[in-house]
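An overview of the molecular structure
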Amino acid sequence: MFGPTTVEINGVDLVYEVEGEGPPLVLIHGWAVHRRYWDGAAELLARDFRVIRYDRRGFGQSAGKPDPTADANDLKALLETLSIPRAHIMGHSQGTDAALTFAARYPGMVDRLVLFGPGPLPGLNLPPTDSDPPFAEWIAIGQSRGVEAMKGAISSWSEEAFGDPEMVERARALLDLYSGADLLDPAPPSNLVTPAGIEDLLSVRAPTLVIHGETEMAGIQIVADVLMYGIPGARKRVVPGGGHVVNWSEPERFVAEVARFLRGP
């Protein structure tokens with residue numbers, strides 16, 4: 001395993017690390033966290049794959065402000081820097097936006113695509129559910145009481161959503177590096193690439209796995225079904241024993257499903 005490395009990508013410093021040998025597999029983290037979100041699953045996957053995980057711009061130790069219109073192009077430039085022409089791509093939650101956009105815009109660079117606990121899909125307007133994260137409430141807290149108070153509110157919500165004290169502490173530790181800039185002081189979009197939406201699903205050529213935990217939030221389960229039916233040939237798997245972070249609660253089950261798909265015909 002190599003230690004964290006910093007590289008300049010599209011004018012910002014991104015931090016990444018690599019471990020394992022085999023076909024390259026990129027892990028893209030979700031909202032408010034960073035590359036260490038994948039701890040546990042990454043080590044298991046590194047037994048069979050060359051695992052590349054990185055902090056998206058504006059998250060973790062990477063510089064800049066969060067920018068969904070740059071994420072896919074940042075990943076393209078990172079892979080070119082590492083001399084990796086093609087890779088398996090897996091994104092979680094908000095990270096599935098970057099993974100899906102990358103697959104739609106740079107299809108020749110994707111071997112297989114894994115969309116794990118997918119976030120909102122542009123063009124798919126779903127009514128809110130009771131389990132949805134209360135972003136408007138968090139923004140109001142951040143604007144009135146500051147970033148640390150907002151992070152405290154996110155942690156409290158995580159306690160209800162995850163339940164397990166160990167997972168709650170893990171989520172809180174990941175939030176330490178969250179700046180809150182995407183909610184409280186967003187940057188103008190760079191428009192390096194247009195994020196993929198529902199109208200782009202038919203253009204995804206890579207074999208695709210949509211995966212989530214059995215107690216995943218209702219809205220995410222709907223998005224997962226739309227992706228499964230909308231992307232040609234996509235398949236879906238539900239991992240027993242967990243929800244949005246089933247890779248934490250059931251790492252071996254989760255990794256077994258992902259590895260079986262990545263190694264498949």
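1. Points about the pairing of strand β3 (residues 24-28)
If a strand is regular, its side chains alternate between the two faces of the sheet. With 5 of its 5 residues buried, β3 lies for the most part within the structure. Residues Pro 24, Val 26 and Ile 28 of β3 are buried on one face, and the alternating residues Leu 25 and Leu 27, pointing to the opposite face, are buried as well. Two strands pair when backbone bridges link them, and β3 and strand β4 (residues 50-54) are joined in this way by 5 bridges, in the parallel orientation. Residue Leu 25 lies in a different strand from β4, and its bridge partner there is Val 51.

2. A look at the packing of helix α5 (residues 147-162) against helix α6 (residues 165-175)
Two packed helices can be described by the angle between their axes and the distance between those axes. Contact geometry for α5 and α6: axes closest at 9 Å, N-to-C directions at 155 degrees. Taken together, α5 and α6 sit at an angle that is classed as roughly antiparallel. Considering how the two elements wind past one another, α5 and α6 form a crossing that is right-handed. On α6, the residues touching Lys 151, Ile 154, Ser 155, Ser 158, Glu 159 and Phe 162 of α5 are Met 167, Val 168, Ala 171, Arg 172 and Leu 175. Across the contact of α5 with α6, the residue classes tally to 6 nonpolar, 2 polar and 3 charged.

3. Some words on helix α2 (residues 71-81)
Across the 11 residues that make up α2, a large majority, 8, are buried. Those residues of α2 that sit buried are Asp 71, Ala 72, Asn 73, Asp 74, Leu 75, Ala 77, Leu 78 and Leu 79. For α2, the elements touching its buried residues are β1 (5-9), β2 (12-19), β3, β4, β5 (87-92) and α3 (95-105). Backbone geometry just after α2 places Ser 83 at a positive phi near 55 degrees.

4. As for the environment of Leu 201
Within the secondary structure, Leu 201 is located in the loop between α7 (181-184) and β7 (208-213). Owing to a relative accessible area of 3%, Leu 201 belongs among the buried residues under this scheme. Taking the C-alpha atoms as reference points, Leu 201 and Arg 235, separated by 34 residues in sequence, lie 14 Å from one another. Discounting residues that sit within four places of it in the chain, Leu 201 has contacts with Leu 100, Leu 121, Val 226, Leu 227, Gly 230, Ile 231 and Pro 232.

5. Examining unusual backbone geometry
Within the chain, Asn 10 stands out as a residue other than glycine whose phi angle is a positive 50 degrees. For Asn 10, the position within the fold is in the loop between β1 and β2. We classify Asn 10 as partly exposed; its relative accessible area is 36%. Unusually for a residue other than glycine, Ser 93 sits at a positive phi of about 55 degrees. Along the chain, Ser 93 turns up in the loop between β5 and α3. Since its relative accessible area comes to 15%, Ser 93 is described here as buried.

6. Looking at the nonpolar core
Note on soluble globular proteins: their nonpolar side chains tend to be buried together. In this structure, Val 26, Ile 89, Leu 100, Phe 102, Leu 113 and Leu 227 are the most contacted members of the largest nonpolar core, which totals 42 residues. In terms of residue count, α3 provides more of this core than any other element does, 6 residues in total. Beyond its immediate stretch of four places on either side in the chain, Ile 89 contacts Leu 25, Val 26, Ile 28, Leu 75, Ala 99, Phe 102, Val 110, Arg 112, Leu 113 and Val 114.

Analysis parameters
- Residues numbered from 1 in each chain as written.
- Predicted model: local features only at pLDDT ≥ 70, side-chain atom pairs only at ≥ 80, totals over all residues.
- Heavy atoms only, no water.
- Buried < 20%, exposed > 50% of the residue type's maximum accessible area, 1.4 Å probe, protein only.
- Helix = DSSP H or I, 4+ residues; strand = E, 2+ residues; numbered from the N terminus.
- Pairing = 2+ DSSP bridges.
- Axes fitted to C-alpha atoms, helices over the stretch in contact; angles between N-to-C directions.
- Parallel < 35°, antiparallel > 145°, perpendicular 65-115°, else oblique.
- Left-handed = near helix turned anticlockwise from the far one by under 90°.
- Contact = heavy atoms within 4.5 Å.
- Nonpolar A, V, L, I, M, F, W, Y, C, P; charged D, E, K, R; others polar.
- Core = buried A, V, L, I, M, F, W, Y, C linked by side-chain atoms within 4.5 Å.

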